[in-house]
Amino acid sequence: MIDVTKLHVGDVIYLDEIVYTARDAAHLRLSKMLENGEKLPVNFEGSFIYYAGPTPTKPGKIAGSIGPTTSARMDKFISLMPKLKIKGMIGKGPRNEDVVKACKENKLVYLIATGGAGALLSKKIISCEEIAFQDLGCESIKRLEVKNFPVIVAIDTEGNDIFKR
Amino acid sequence: MKEINYSDIKNNVVKAIYDSCFNLNEYSLNKLREAKDNEDKEMAKTIISQLLENAEIATNDEIPMCQDTGIVTCLVYLGIDVRLNCDLETPINDAVKEAYENYYLRKSVVDPLTRINTKDNTPAIIHTTIVEGDKLTIYVVPKGAGSENMSQIKMLNPTVGENGIVEFVKDVVKQAGGKACPPIYLGIGIGGNFETCAMLAKKALATRVEPKNETISNLKNQILEEVNSLDIGPMGLGGKSTCLDVFIEALPCHIASLPVAVNIQCHANRVEKIEL
């Protein structure tokens, strides 16, 4: 299990972690549930949120194609992240200032995986289980165990941003 | 008259969807290999290497190369000497249903307002052009949203000229940055009117159109050079390979107008061409 405060922007690392997939529709639903004071269906504590909606898993396989989606669409939900007590987020592309600030204040990291490498990343998944919001189809929340999952540190806990050059 | 029937169209569209999602086309593969050789930065090389490895895994392990298996766009060119025994929508949409179910592709199509999934990835988006001859040609493009979302159209002031067009294109590419899965491809429509301009951009991209005259050819080279000087690079982390190719289609327009549409495509540039 990784200590995210030891990571620096630009580091290339290989994750062995618990990761939950959640993208647009799941974020919207989670934020509405919190607004309404409802209990969330998943305990995200100590894990990573992965902005991803995989292809369906073929029988006999562990997971389908599972690359990152564009993270910027989830910038508007950044205030939700510290409440989930996660270690960080995984996606692709730049984030806004609110995200940089939230990473610094809450000691979160933003990691990027290679967009369009869904087949390669699928091989780094050792288990995949759909655990919430099944009605959202490919946008449901899946619990993944990843091993040697290649990512780059894009925003570190000091608020350094790889996209600011 | 050449007879083309329902199953000829459906079976070929199913195969085109399969090939485009599992077997990265030679054109895109070569562009990626060239880009890797051309890059100096280690990070850029590493990312392109991952994309090449990804393409191999996709084919060998039958895993879609990208989880976003797109909304299917078909550009159909129907010869006047072809006789069909069906409409065009039925076999194409039936092919989409079959391919997305049987090959475990992601069904990514929803009602725009309720956001409820159509559950079979239909409807496909179909654009038909009637042409001379006895051929039916279909360009099948399962287009993902990461790049499509970053596309833009603008009605420019006609006096801005070619440099104004280049500035707009650069602005669109900068705004897309690392979001659109660079290294990207650009389809650019110039002229026509509002909706035709967007179609020109899509057609240019899907058919990988060659410049039709010297002015367009020079504009293409200028755009490629200036966009690749932006240092966006693979995944937006810097490098020379921001854009791998530019395709431009132009059409006369009104004296008061200069519509320009920029359709962005990701590094996979998934397109399969069917000729019947």
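Notes on the structure in this doc start here. Remember, predicted model here, so these are calculated numbers, not experimental data.

What to know about the sheet that holds strand E8 (residues 243–253) of chain B
All names here are of chain B. Taken in spatial order, the four strands make up an open sheet running E6-E9-E7-E8, and their pairing is mixed. Each edge of the open sheet carries a strand with a single partner, namely strand E6 (152–156) and E8. Taking each pair of neighbouring strands and ignoring which way they run, the sheet shows an average axis angle of 15°. Relative to strand E9 (residues 258–265), E6 runs antiparallel, the two being bridged by five bridges. The partner of Met 155 across the bridge, within E9, is Pro 259.

A short note on the pattern of salt bridges
Evaluation of the coordinates by the stated rule reveals 27 salt bridges over all chains. Close ionic contact of B:Asp231 with B:Lys41 constitutes a salt bridge, the shortest N to O distance being 3.2 Å. Of this pair, B:Asp231 sits in the loop between helix H8 (214–227) and E8 while B:Lys41 sits in the loop between helix H2 (26–38) and helix H3 (42–61), and the two are 190 residues apart along the sequence. Residue B:Lys41 is classed as partly exposed on the basis of its relative accessible area, which comes to 36%. Connected through shared salt-bridge partners, A:Arg23, A:Asp24, A:Arg73 and A:Glu139 make up one network.

Some details on the interface of chain A and chain B
Contacts between the two partners involve 38 residues from chain A and, on the opposite side, 32 residues from chain B. When chain A packs against chain B, close to 2700 Å² is buried across both sides, 60% of that on carbon and sulfur atoms. At the junction of chain A and chain B, the tally comes to three salt bridges. One salt bridge connects B:Asp231 with A:Arg165, and the closest N-O pair in it is separated by 3.8 Å.

What about helix H4 (residues 89–102) of chain B?
Residue and element names in this part refer to chain B. Its 14 residues place the ends of H4 20 Å apart at the C-alpha level, agreeing with the 20 Å of an ideal helix rising 1.5 Å per residue. Turning to H4, its buried residues are Pro 91, Ile 92, Asn 93, Ala 95, Val 96, Ala 99 and Tyr 100. The inward-facing, buried residues of H4 abut helix H1 (6–22), strand E2 (71–79), strand E4 (125–131) and strand E5 (136–143). Two residues or fewer after H4 comes Tyr 104, characterised by a positive phi angle close to 55°.

Digging into the side chain of B:Asp120
All names here are of chain B. Mapped onto the elements, Asp 120 comes out in the loop between H4 and E4. Among the polar contacts listed, one links the side chain of Asp 120 to the side chain of Thr 122, at a separation of 2.6 Å. Setting aside chain neighbours within four positions, we find Asp 120 in contact with Val 96, Lys 97, Tyr 100 and Lys 107.

A short note on the nonpolar core
The biggest cluster of nonpolar side chains holds 83 residues, and the ones touching the most others in it are A:Ile90, A:Leu111, A:Ile141 and A:Phe149. Ignoring anything within four residues of it in the chain, the contact list for A:Ile141 reads A:Tyr20, A:Thr21, A:Ala22, A:Ala26, A:Leu30, A:Val42, A:Phe44, A:Glu129, A:Glu130, A:Ile131, A:Ala132 and A:Phe133. Counting 27 residues, the second-largest nonpolar core is a separate cluster that includes B:Met150, B:Ile223, B:Leu224 and B:Cys243.

Details of the packing of aromatic side chains
Residues and elements named next belong to chain B. A full pass over the atoms with the stated rule returns seven aromatic pairs over all chains. With a centroid separation of 5.9 Å and an interplanar angle of 40°, the aromatic rings of Tyr 27 and Tyr 185 are classed as tilted. Placement of Tyr 27 in helix H2 and of Tyr 185 in strand E7 (residues 184–192) is noted, with a sequence separation of 158 residues between them. Note on Tyr 185: relative accessible area 0%, which makes it buried.

Notes on unusual backbone geometry
Across residues other than glycine, the phi torsion is negative in most instances, and most of the peptide bonds are trans. Residue and element names in this part refer to chain B. With an omega of 0°, the peptide bond between Thr 122 and Pro 123 qualifies as cis. Relative to the assigned elements, Pro 123 resides in the loop between H4 and E4. In this chain, Pro 182 is followed by Pro 183 through a cis amide linkage whose omega measures 5°. On the secondary structure map, Pro 183 appears in the loop between helix H6 (161–176) and E7. Despite not being glycine, Asn 121 has its phi angle at roughly 65°, a positive value. Among the structural elements, Asn 121 can be located in the loop between H4 and E4. Relative accessible area serves as the criterion here: at 0%, Asn 121 is assigned to the buried category. A positive phi angle is found at Asp 231, which is not glycine, with a value near 60°.

What about the pairing of E9(B)?
All names here are of chain B. Of all eight residues in E9, eight are buried, a share of seventy percent or more. What you see with E9 is no split at all: Leu 258, Val 260, Val 262 and Ile 264 on one side and Pro 259, Ala 261, Asn 263 and Gln 265 on the other are buried throughout. Relative to E9, E7 runs antiparallel, the two being bridged by six bridges. Its bridge partner being in E9, Gly 187 is matched across the sheet by Asn 263.

Rules used in this analysis
Every chain is numbered independently, its residues counted from 1 as its sequence is written. For this description, chains carry letters from A and ligands carry numbers from 1, given in the order in which they are written. The predicted nature of this model means local features are confined to residues of pLDDT at least 70 and side-chain atom pairs, given and counted, to a pLDDT of 80 or more, with totals for whole chains, interfaces and linings taken over all residues. With hydrogens and water excluded, all non-hydrogen atoms of the structure serve as input to the side-chain values. Strands qualify as paired when DSSP identifies two bridges or more between them. Only DSSP runs of H or I with at least four residues qualify as helices, and only runs of E with at least two residues qualify as strands; both kinds are numbered from the N terminus onward. Axis definition: a line fitted to C-alpha atoms, limited for helices to the stretch in contact. Angles are taken between N-to-C directions and run from 0 to 180 degrees. Any Lys or Arg side-chain nitrogen found within 4 Å of a carboxyl oxygen on Asp or Glu counts as a salt bridge. Exposure categories follow from relative accessible area, calculated using a 1.4 Å probe and restricted to protein chains: below 20% of the type maximum is buried, above 50% is exposed, and the middle band is partly exposed. By the convention used here, residues are in contact when the closest approach between their heavy atoms is within 4.5 Å. A simple way to read buried area is as the amount of 1.4 Å-probe accessible surface that goes missing from two parts once joined, with both sides added. To estimate the expected span of a helix, count its residues, drop one, and scale the result by 1.5 Å. In the analysis that follows, any N or O atom pair within 3.5 Å is treated as a polar contact, provided that within protein one partner can donate a hydrogen and the other can accept it, and provided that, for residues neighboring in sequence, both atoms belong to side chains. For our purposes a nonpolar core is just a set of buried Ala, Val, Leu, Ile, Met, Phe, Trp, Tyr and Cys residues, chained together by side-chain atoms within 4.5 Å. Each pair of aromatic rings taken from Phe, Tyr and Trp, with Trp reduced to its six-membered ring, is defined by centres within 6.5 Å and is described as stacked if the planes are under 30 degrees apart, edge-to-face if over 60, and tilted in the remaining cases.

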